[in-house]
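# Breakdown of the fold
Given next are the chains, with one letter for each unit.
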Amino acid sequence: MVTMTAAAACAPLGSQLRKSLLSPHHIRSFSALKLASKQSTRTTPPSHEHPPSTPKASTTSGPAPTTAITPSSSISSKRASKTEKKVKKALPASDSTEAQLKQIESMMNMANTSNLFPTMDMWGAKIMTLDVDIPREAPLRMLFSNPVAFWHAIQCNFSNWLKNTFSMYTIAKAQAFTGVNWDSDFRFSHLFLPRTWHQLGNVSSTSPKSWLAPVRRIAMDNYLAIGRAIADKDQATLKALTTADHAVNVNKIIRSRQPGQVWQWKVTSDVSDKALFQEKSFLRPLEMLPGATVVSIRSGEVYIAKEPPKRGNRLVIHALVKFETKQELNVFTKQGQIVDSGTVEPDRVVEEYLVFEKIGWYDNTWQVREQIYK
């Protein structure tokens with residue numbers, strides 16, 4: 001009796017639960033939860049016809065099912081948004097890289113068709129002065145007075161020597177030394193000869209047999225011509241022998257002069273070949289001022305067209321030349337009276353550092369492009 005009574009009591013409750021669970025509202029909720037669980041647990045990549053963010057359209061009639069937001073779906077949407085942001089950030093970089101490649105390709109195409117533009121130089125753009133460096137003074141007594149400054153000077157000088165040697169090798173390989181006649185091409189086997197290293201590692205040599213001896217002679221001649229041109233206001237000579245910043249500076253000197261002044265400038269020290277080309281040894285110092293000495297040199301291959309230039313070579317060379325001369329500058333009025341302004345200093349020893357530039361594919365001389373101060 002008890003069992004029958006309990007079953008009879010439970011029958012209405014079970015029928016009520018069945019009816020409530022089978023109602024259309026609960027059926028839609030269960031279908032949405034089932035669909036969300038399938039999407040969260042799916043391991044295979046979705047097909048192209050139904051992307052993950054768009055649920056499949058229901059084939060049954062009735063209202064559209066409501067999508068339930070689960071933690072897994074929110075995490076996946078965050079990851080997708082982060083990926084889209086990364087892609088959007090990466091697009092400008094790729095665009096800029098493609099633009100640079102297109103620009104380089106257009107330049108190369110124009111360079112390859114240089115015969116159509118014979119007066120146009122694609123590689124004659126302005127360049128900065130290469131990293132030539134003034135050697136540091138490092139006397140032995142500095143090791144005891146200021147050891148930190150001593151070792152810093154040694155490091156800087158050693159770095160300058162390495163760069164000088166590599167640049168000399170680059171110039172020798174291109175046979176780009178001015179005034180040096182080569183019997184044969186410079187080969188790698190020449191590096192095993194001691195005389196080759198004596199040339200490559202000694203840019204400051206005052207020997208007439210040095211590969212830089214003709215450059216020193218040209219630098220001194222151009223230095224004297226520039227000084228006389230400034231005194232005489234010779235614009236044509238200055239335009240031919242100066243470039244870049246130094247051309248601007250010498251023009252400022254000329255424009256700043258008073259109209260009624262007459263300048264007389266000359267070098268009183270010996271600047272002949274006897275002074276320039278002296279044999280120096282450890283026990284025998286130089287008898288007189290060397291005039292012009294190369295202290296640093298750099299070279300770089302700037303002409304990068306497929307075909308070699310019609311004349312010269314592909315290099316741009318910058319040589320830092322130290323000038324040690326005795327000069328005299330006199331300033332007069334038009335009536336011939338000397339101007340008492342402290343400019344008259346006879347036999348004044350002047351030390352200057354000038355950067356000379358030689359463009360390999362130009363038929364011009366070494367030009368002064370910059371003055372460097374200690």
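Just so we're clear, the structure is a prediction, and the values are computed from it rather than from any experiment.

### Digging into the overall build of the protein
Along the backbone of the protein there are 10 helices and 5 strands. Long-range pairs, those at least 24 residues apart, make up 65% of the contacts in the protein between residues at least 6 apart in sequence.

### What to know about a nonpolar patch on the surface
A cluster of nonpolar side chains, contributed by Phe158, Trp161 and Leu162, occupies part of the molecular surface with about 310 Å² of accessible area. Checked against the element boundaries, Leu162 lands in helix α5 (residues 147–174). You can call Leu162 partly exposed: its relative accessible area is 42%.

### A few points about helix α9 (residues 244–256)
Helix length check: α9 (13 residues) gives 19 Å between terminal C-alpha atoms against 18 Å at 1.5 Å per residue, within 8%. The complete set of buried residues in α9 reads His246, Ala247, Val250 and Ile254. Here the buried residues of α9 occupy an arc of 105 degrees about the axis, which is enough to place them on one side. More than 90 degrees from the buried face of α9, the exposed residues found are Arg255 and Ser256. On its buried face, α9 is in contact with α7 (213–232), α8 (235–241), β4 (348–359) and β5 (367–372).

### Concerning the layout of surface pockets
Estimates place the volume of the second largest pocket at around 860 Å³. Lining the second largest pocket are 32 residues, with Asn202, Ser204, Ser205, Lys280 and Thr293 positioned closest to its centre. Where the lining of the second largest pocket is concerned, the elements lending two or more residues are α5, α6 (194–200), β2 (291–301) and β3 (315–332). In terms of residue count, α5 provides more of the lining of the second largest pocket than any other element does, 4 residues in total. Partitioned by chemical class, the residues of the lining of the second largest pocket number 9 nonpolar, 15 polar and 8 charged.

### Some remarks on unusual backbone geometry
One non-glycine residue, Lys233, lies in the positive phi region at around 60 degrees. Positive phi, close to 55 degrees, is recorded for Ala244, a residue that is not glycine. The exposure class of Ala244 is partly exposed, given its relative accessible area of 32%.

What counts and what doesn't
- Residues numbered from 1 in each chain as written.
- Predicted model: local features only at pLDDT ≥ 70, side-chain atom pairs only at ≥ 80, totals over all residues.
- Heavy atoms only, no water.
- Helix = DSSP H or I, 4+ residues; strand = E, 2+ residues; numbered from the N terminus.
- Contact = heavy atoms within 4.5 Å.
- Patch = residues over 30% accessible without salt bridge, like charges linked within 9 Å, V, L, I, M, F, W, Y side chains within 5 Å.
- Areas by Shrake-Rupley, 256 points an atom, 1.4 Å probe, with all protein chains shown as cover.
- Salt bridge = Lys/Arg side-chain N within 4 Å of Asp/Glu carboxyl O.
- Buried < 20%, exposed > 50% of the residue type's maximum accessible area, 1.4 Å probe, protein only.
- Expected span 1.5 Å × (residues − 1).
- Arc of directions from axis to C-beta.
- 1 Å grid on protein atoms, 1.4 Å probe; cavity = no way out; pocket = protein on both sides within 12 Å on 5 of 7 lines; lining within 4 Å.
- Points joined across faces, edges and corners; volume = space filled by probe spheres on them.
- Nonpolar A, V, L, I, M, F, W, Y, C, P; charged D, E, K, R; others polar.

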